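Structural characterization, general
Spelled out, the chains give:
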Amino acid sequence: MVNDGAPADVDVVALVLGGDGEAFGILIRRYEPGLLRFATRMLGNPDAAADAVAESLVRAYRHLAQCRDPGRLRSWLYRITGNRCRSHLARRHTNDISLSDVPAPALADSSDTWAVLERGEQVALVERALAALPAEKREAFVLKHVEGMSYEEMATVTGARIPTLKMRVHRAREALLAALEEVVR
Amino acid sequence: MSPIDPRLQEALDGERDPGDLPVDLREAYVRLNAATQILKATPPVSVATRVMAEIRQNPATVQSEGPARRLIQWLGRPRAVTVRLRPVWTLALAAGLAAVLVLQWPNGGPTPGVAQGIANFVGQFPGARSVEVVGSFNDWSRGTLHLNDDDGDGIWHAKAVLPAGQHEYMFVVDGERWVPDPLAGRYVDDGFGAGQQNSLLIVRPVSAQP
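Now for a quick tour of the structure. (Residues numbered from 1 in each chain as written. Chains lettered and ligands numbered in written order. Predicted model: local features only at pLDDT ≥ 70, side-chain atom pairs only at ≥ 80, totals over all residues.)

In terms of nonpolar packing, the biggest core is built from 67 residues, with A:Leu35, A:Ala39, A:Ala49, A:Val53, A:Leu57, A:Leu77 and A:Leu176 touching the most fellow members. Membership of the second largest hydrophobic core comes to 20 residues, among which are B:Phe121, B:Trp140, B:Leu145 and B:Ile155. (Core = buried A, V, L, I, M, F, W, Y, C linked by C-beta atoms within 7 Å. Buried ≥ 20, exposed ≤ 12 C-beta atoms within 10 Å, placed from the backbone.)

As structure tokens, this is what we get:
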């Protein structure tokens, strides 16, 4: 990814590998928001997500020389973070987020109490519907619709085949839509 | 949960103009998009300070590793030999491999730590362009442990020093196909919800080997 006026990933990676460790901060600032969002949606717990992302970024730094294609650094970072989330879920001996892990929604607008309640209910509903999905479908949906990845990039991140990923996304949509419509009825 | 209309899936995949959807499908499209917008909220936290502090504490570990450096590291890494049992068709391979190992580590060679052992990974993947191992020992990260098939016979192998104990792993073939080791003998659910299994490897410490 290249931001306006900002150095490309390949250039930053070259700086870091050349000994400028501080340059890694550029990559953190660039990808941290998405990685935190991804991990939070995968783990359903902001603290666990922050730990997973921090560990992943440190690991990425330590193994930066093994990133074979710095032009696709984003995929590499998501893969490491996804692996870390996977390990975290495995340690909990369950695939799914405990619904008790899904935090109370952060309400954005407090100017109108009723609107706030509605928004809060929406957030809680969506987060719980996502948390109820099996991890692999949750991951596919989040990468596709929240992180905006192509199926090709998702395949790089997850190691799964594209038809498999499409199927997971489709099933996730069905489950989410069913959960949303149940409330609307 | 029932399957949703393929036209809605196509619209969500960007393959169809959502404006062309019937009203009920368009409502579903809007609802799912609204849900997605909620999920796009970025958590108001940062780990940047924490990560940079850890990096500054130990800044010297990142470095570019060329093939020569990796070879030197590989040659200097302590290792012992644990040959895993294989079916009959691999006996000849095992004999050949044993000969190679003897040549590589004369006089017993360097040994791993007390609580470490050597794992031998062997798989038959004719026509594969690359094979690597990911597992609990490398945080399921690709790019750290590659198998080789130097003679092009479709049998790929690699060795690694691992902590003694139980490890889950899978082969990644051609960078995209994750497959369990058909010869592992032991498997556990991969915990990822699709009913797939990871291969299970038990590494014995060198000190426990005869």
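Any two packed helices are characterised by the angle at which their axes cross and by the distance between the axes. Residue and element names in this part refer to chain A. Helix 7 (residues 151-158) packs onto helix 6 (residues 135-146) with a crossing angle of 135 degrees between their chain directions and a minimal axis gap of 10 Å. Judged by the angle between their axes, helix 6 and helix 7 are oblique. Helix-helix and strand crossings are classified by hand; for helix 6 and helix 7 the assignment is right-handed. The segment helix 6 lies against helix 7, with Glu139, Ala140, Leu143 and Lys144 engaging Met154, Val157 and Thr158. Of the residues that constitute the contact of helix 6 with helix 7, the class distribution is four nonpolar, one polar and two charged. (Axes fitted to C-alpha atoms, helices over the stretch in contact; angles between N-to-C directions. Helix = DSSP H or I, 4+ residues; strand = E, 2+ residues; numbered from the N terminus. Parallel < 35°, antiparallel > 145°, perpendicular 65-115°, else oblique. Left-handed = near helix turned anticlockwise from the far one by under 90°. Contact = placed C-beta atoms within 7 Å. Nonpolar A, V, L, I, M, F, W, Y, C, P; charged D, E, K, R; others polar.)

Time to look at helix 2 (residues 24-43) of chain A. All names here are of chain A. Along helix 2, the sharpest change in direction is near 50 degrees and occurs at Tyr31; proline Pro33 comes one to four residues later. The element helix 2 is largely enclosed, with a buried count of 16 among its 20 residues. Trailing helix 2 by a residue or two, Gly44 shows a phi angle of about 70 degrees, which is positive. (Bend = angle between axes of the 7 residues up to and from the residue.)

Moving on to helix 2 (residues 23-39) of chain B. Residues and elements named next belong to chain B. End to end, helix 2 covers 25 Å across 17 residues, agreeing with the expected 24 Å (1.5 Å per residue, within 8%). Every buried residue of helix 2 is accounted for by Ala28, Tyr29, Leu32, Ala35 and Leu39. The arc that holds the buried residues of helix 2, viewed along the axis, is 125 degrees, so those residues lie on one side. Facing away from the buried side of helix 2 by more than 90 degrees, the exposed set consists of Val23, Val30 and Ala34. (Expected span 1.5 Å × (residues − 1). Arc of directions from axis to C-beta.)

Taken together, the 55 residues of chain A in the interface contact 43 residues of chain B. Where the side of chain A that touches chain B is concerned, the elements lending two or more residues are helix 1 (9-17), helix 2, helix 3 (46-62), helix 4 (73-91), helix 5 (113-131), helix 6 and helix 8 (162-184) of chain A. A per-class count over the side of chain A that touches chain B returns 31 nonpolar, 11 polar and 13 charged.

With that settled, the discussion passes to the pairing of strand 4 (residues 165-173) of chain B. All names here are of chain B. Sheet topology places strand 2 (residues 131-135) next to strand 4; five bridges connect them, and they run antiparallel. From the neighbouring strand, Val133 faces strand 4, where its bridge partner is Phe171. Where strand 4 and strand 7 (residues 197-203) come together, five bridges link them in antiparallel fashion. When the sheet's bridge partners are listed, Glu168 is paired in strand 7 with Leu200. Where strand 4 meets strand 5 (residues 177-179), three bridges bridge the pair, whose relative direction is antiparallel. Counterpart to Phe171 in the pairing with strand 5 is Val179. The antiparallel hairpin formed by strand 4 and strand 5 contains three residues in its connecting segment, where Asp174 sits at a positive phi of about 60 degrees. (Pairing = 2+ DSSP bridges.)

None of this, on its own, says anything about what the molecule does.
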